[in-house]
Amino acid sequence: MNLTLKIWRQKDSKSKGQMVDYKVTDISEHMSFLEMMDVLNEQLVNTGEEPVAFDHDCREGICGMCSMYINGEAHGPDRGVTTCQLHMRMFKDGDTITIEPFRATAFPVIKDLVVDRSSFERIQQAGGYISVNTSGNTQDANSIPISKHAADEAMDAATCIGCGACVATCKNSSAMLFVGAKVSQYALLPQGQVEAADRVRNMVAQMDLEGFGNCTNTGACEIECPKGISLDNIARMNRELMKASLS
Amino acid sequence: MSGFFKSSIGRKVAMALSAFFLMFFLLQHFAINLLSVFSGDLFNEVSHFMGTNWLIQFVMQPILIFGVVFHFVMGFILEIRNKQARTISYVKNNGSANSTWMSRNMIYSGIAILAFIILHFIDFWFPEINAKYIKGDWTGGHELVDGYRYFHELQVKFENPIRVAAYVLAFVFLALHLLHGFTSAFQSMGASTIRKKRLQTIGRIYSIAIPLGFIFIALFHHLNHH
Ligand code: SF4
Ligand code: FES
């Protein structure tokens, strides 16, 4: 298929960017979206132009690096997928596709479609871990019984890959789905409960410091999240913070 | 605890708590207004009680005003903050792909409701305050009517079709605001999905029935008074 691409081009973090139109031809519907971008970049390199910078790594929906806002949606129009898992069969011959970087004050653009998501790292560092010394005296994993329900919910929360689509999608650029997932994955398990109060307080404080907006429960994040992280995690984070503030 | 209300989540909780209070108030306001459809006398009696009872006047009324002002001011503060969280907007954004119109436009339905409240205060609340606190008349009477004035004033106000139309429009915005706000408030308080499903049904009924009821009352008086 032949496509028109409208892509955000920005030289570096300081320059003003703009949308630029490109044409790509003979795109197979079996290609992934990133493969289509590779075709475009090859074309640009061959004509001596600067290729479009975009983030990617695993290209199988695991690392969370790929981060495009495609036709007005984070990771494009498909559900439960990252941009690298999005296939060109979601588009039609002759389509015009708008491609923008994830937009949020806390995710500044570095170049073209690449944004700096280290604000997520700093939130993680503020409390997204457990302080257990496991070296040399690792306990048997089954020595602490955990209910199936808690294990399942913790596992679901832990599938968050930190891609930032929730922030990009949210009209308020809120990071609450991400932080809710990280808080939940520990709060649901006995090993995480020891530091639960400090964790939620510190992670929420860091989230606020980074300049993310405030959740208004539109639910857009849950729909666009490639891992289907549920809004329940935000509700749990709210409960955890209320509990931590009362104690 | 004060730190809690400074955090983003604390503010969300504060928004939800003031919303609960306002939704309860709305229910009570509706119940009293509904009386006016059945009996002018009963409406007069209850209105006079509400307007002269010291507990309602000096305790409940200030709390209500605080609740209204707080919900609006906090709503605006959060909206401004949220706008700052994304200063460059998308060239193309497909909001309807993942969220309802109501949820994305709470600020606009809220502003419409604020405009209505101002009109409503000019219509009913300021004249009451004027009569009671400026003129010092606590009898609830009126030179043109025997007995209490409340029902009479209600009928007079709803003669003007433009005012009735403005009220109807405002209640449509109220319904839109509530359709998201009701469940949103519970979500902010930490309600889980399973509970929210049931809440969603109750929320829909509340969000449609109450504004529709208010519209009915406004139209009823408009059509029945000549
Ligand atoms: S919650 Fe979902 S959308 Fe947000 S960072 Fe995690 S995986 Fe990505
Ligand atoms: S490149 Fe790793 S998730 Fe897309």
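As the structure is a computational prediction, the values presented were derived from the model and not from experiment. (Residues numbered from 1 in each chain as written. Chains lettered and ligands numbered in written order. Predicted model: local features only at pLDDT ≥ 70, side-chain atom pairs only at ≥ 80, totals over all residues. Heavy atoms only, no water.)

### Here we look at the overall build of chain B
Note the following rule: In this description a helix means any DSSP run of H or I spanning at least four residues, a strand means any run of E spanning at least two, and both kinds are numbered starting from the N terminus. Three labels apply to residues, based on accessible area from a 1.4 Å probe with only protein chains included: buried if under 20% of the type maximum, exposed if over 50%, partly exposed otherwise in between. In this description, contact between two residues means that some pair of their heavy atoms is separated by no more than 4.5 Å. Surface accessibility in these figures is a Shrake-Rupley result with a 1.4 Å probe; residues are shielded only by whichever protein chains are displayed. Neither His nor the chain ends is counted toward charge; the positive residues are Lys and Arg and the negative residues Asp and Glu. Here the site of a charge means atom NZ of a Lys, CZ of an Arg, CG of an Asp or CD of a Glu.
The helix and strand inventory of chain B stands at nine helices and zero strands. Secondary structure elements of chain B, listed N to C terminal, follow the sequence α-α-α-α-α-α-α-α-α. In terms of overall dimensions, chain B has C-alpha extents of about 60 × 40 × 35 Å along its principal axes. Of all 226 residues assigned to chain B, the portion counted as buried reaches 44%. Taking all contacts inside chain B whose residues are at least 6 apart in sequence as the whole, residues at least 24 apart take part in 75%. Of the roughly 12200 Å² that chain B leaves accessible, carbon and sulfur atoms contribute 71%. Between the centroid of the 18 positive side chains of chain B and the centroid of its 10 negative side chains there is a distance of 29 Å.

### Some words on the side chain of B:Glu128
As for its position among the elements, B:Glu128 is in helix α6 (residues 106-134). The contact partners of B:Glu128, leaving out residues within four places of it in the chain, are B:Arg149, B:Tyr150 and B:Glu153.

### Concerning the UniProt feature "transmembrane region" (unreviewed entry) in chain B
Spelled out, the test is: UniProt positions are given in the numbering used here, feature names are shortened, and annotations may be inferred rather than shown by experiment.
On the UniProt side, "transmembrane region" (unreviewed entry) is annotated at positions that read residues 55-78, 106-126, 164-182 and 203-223 of chain B here. Across residues 55-78 of chain B, the secondary structure splits into 100% helix and 0% strand, with the terminal C-alpha atoms separated by 33 Å.

### Overview of the pattern of salt bridges
All names here are of chain A. Stated formally: The salt bridge criterion pairs a side-chain nitrogen of Lys or Arg with a carboxyl oxygen of Asp or Glu, the two atoms within 4 Å.
Within the structure shown, the criterion is met by 18 salt bridges over all chains. Residue glutamate 50 is joined to lysine 111 by a salt bridge in which the shortest nitrogen-to-oxygen separation is 2.9 Å. One end of the pair, glutamate 50, is in the loop between α1 (33-46) and β3 (68-70); the other, lysine 111, is in strand β6 (residues 109-111), with 61 residues separating them in the sequence. Classification of lysine 111 by relative accessible area gives partly exposed; the value is 25%. Between glutamate 195 and arginine 199 there is a salt bridge, with the nearest N and O atoms lying 3.9 Å from each other. For arginine 199, a relative accessible area of 3% puts it in the buried group. Three or more residues joined by partner-sharing salt bridges are found here, namely Glu73, Arg79 and Glu224.

### Quick notes on the interface of chain A and chain B
Put simply, the rule is: Counting of polar contacts relies on pairs of N or O atoms within 3.5 Å, with two restrictions inside protein: one atom must be capable of donating a hydrogen and the other of accepting it, and residues adjacent in sequence are counted only when both atoms are side-chain atoms. All amino acids are sorted into three groups, where Ala, Val, Leu, Ile, Met, Phe, Trp, Tyr, Cys and Pro are nonpolar, Asp, Glu, Lys and Arg are charged, and the leftover types, Gly among them, are polar.
Tallying the contact residues gives 48 residues for chain A and 37 residues for chain B. At the junction of chain A and chain B, the tally comes to 28 residue pairs in polar contact (both at pLDDT 80 or more). When contributions to the side of chain A that touches chain B are tallied by element, the ones reaching two or more residues are β5 (96-101), α4 (165-169), α7 (196-209), α8 (220-224) and α9 (232-246) of chain A. A breakdown of the residues in the side of chain A that touches chain B according to their chemical character gives 22 nonpolar, 17 polar and nine charged.

### A look at the domain arrangement of chain A
It is common to give the size of an interface as the accessible area that goes away when the parts come together. Residue and element names in this part refer to chain A. To keep things clear, this is the line we draw: Throughout the structure description, domain borders are defined by an automatic or database domain assignment. The term buried area means the drop in 1.4 Å probe accessible area that two parts suffer when joined, counted for both and summed.
Each assigned domain of chain A is listed here: domain 1 (3-111) and domain 2 (117-132 + 143-246). Here the C-alpha centre of domain 2 lies 28 Å away from the C-alpha centre of domain 1. Domain 1 puts 22 residues into the contact, and the matching count from domain 2 is 20 residues. Taking both sides of the interface into account, the surface hidden between domain 1 and domain 2 amounts to around 1500 Å²; carbon and sulfur atoms contribute 54%. On inspection of domain 1 and its partner domain 2, the count reaches two salt bridges. In this structure, glutamate 224 engages arginine 79 in a salt bridge whose closest nitrogen and oxygen atoms are separated by 3.3 Å. At the boundary of domain 1 and domain 2, one finds six residue pairs in polar contact (both at pLDDT 80 or more). Split by residue class, the side of domain 1 that touches domain 2 holds 11 nonpolar, seven polar and four charged.

### Concerning the site of ligand 1
To keep it simple, the criterion reads: Near, as used in this document, describes a residue that has one of its heavy atoms within 4 Å of the molecule or strand being considered.
Neighbouring ligand 1 are 13 residues; A:Cys160, A:Cys163, A:Gly164, A:Cys166 and A:Cys225 lie closest to it. Each residue belonging to the shell around ligand 1 can be placed in one class, and the counts come to 11 nonpolar, two polar and no charged.

### Considerations on helix α7 (residues 150-157) of chain B
Residues and elements named next belong to chain B. This is how it is decided: Arc, as used here, means the arc of the directions from the helix axis to the C-beta atoms.
Turning to α7, its buried residues number three or more, namely Tyr150, Phe151, Leu154, Gln155 and Lys157. Viewed end-on, α7 has its buried residues packed into an arc of 165°, placing them on one side of the element. Contact partners of the buried residues in α7: α2 (8-38), α3 (40-52), α6, α8 (161-188) and α9 (193-224).

### A closer look at the packing of α2(B) against α8(B)
When two helices pack together, their arrangement is given by the angle between their axes and by how far apart the axes lie. Residues and elements named next belong to chain B. This is how the line gets drawn: The convention used is that axes are lines fitted to C-alpha atoms, helices contributing only their stretch in contact, and that angles between N-to-C directions extend from 0 to 180 degrees. For classification purposes, an angle smaller than 35 degrees is called roughly parallel, one larger than 145 roughly antiparallel, one from 65 to 115 roughly perpendicular, and anything else oblique. Two helices that cross are described as forming a left-handed crossing if the nearer one is turned anticlockwise from the farther one by less than a right angle, and a right-handed crossing if clockwise.
Look at α2 against α8: their axes get within 9 Å of each other, and the N-to-C directions meet at 130°. Between α2 and α8, the crossing angle belongs to the class labelled oblique. In the packing of α2 onto α8, the handedness of the crossing is left-handed. In this structure, α2 contributes Lys12, Val13, Ala16, Ala19, Phe20, Met23 and Leu26 to the contact, and α8 contributes Leu174, Leu178, Phe182, Ala185, Phe186 and Ser188. For the contact of α2 with α8, the per-class residue count stands at 11 nonpolar, one polar and one charged.

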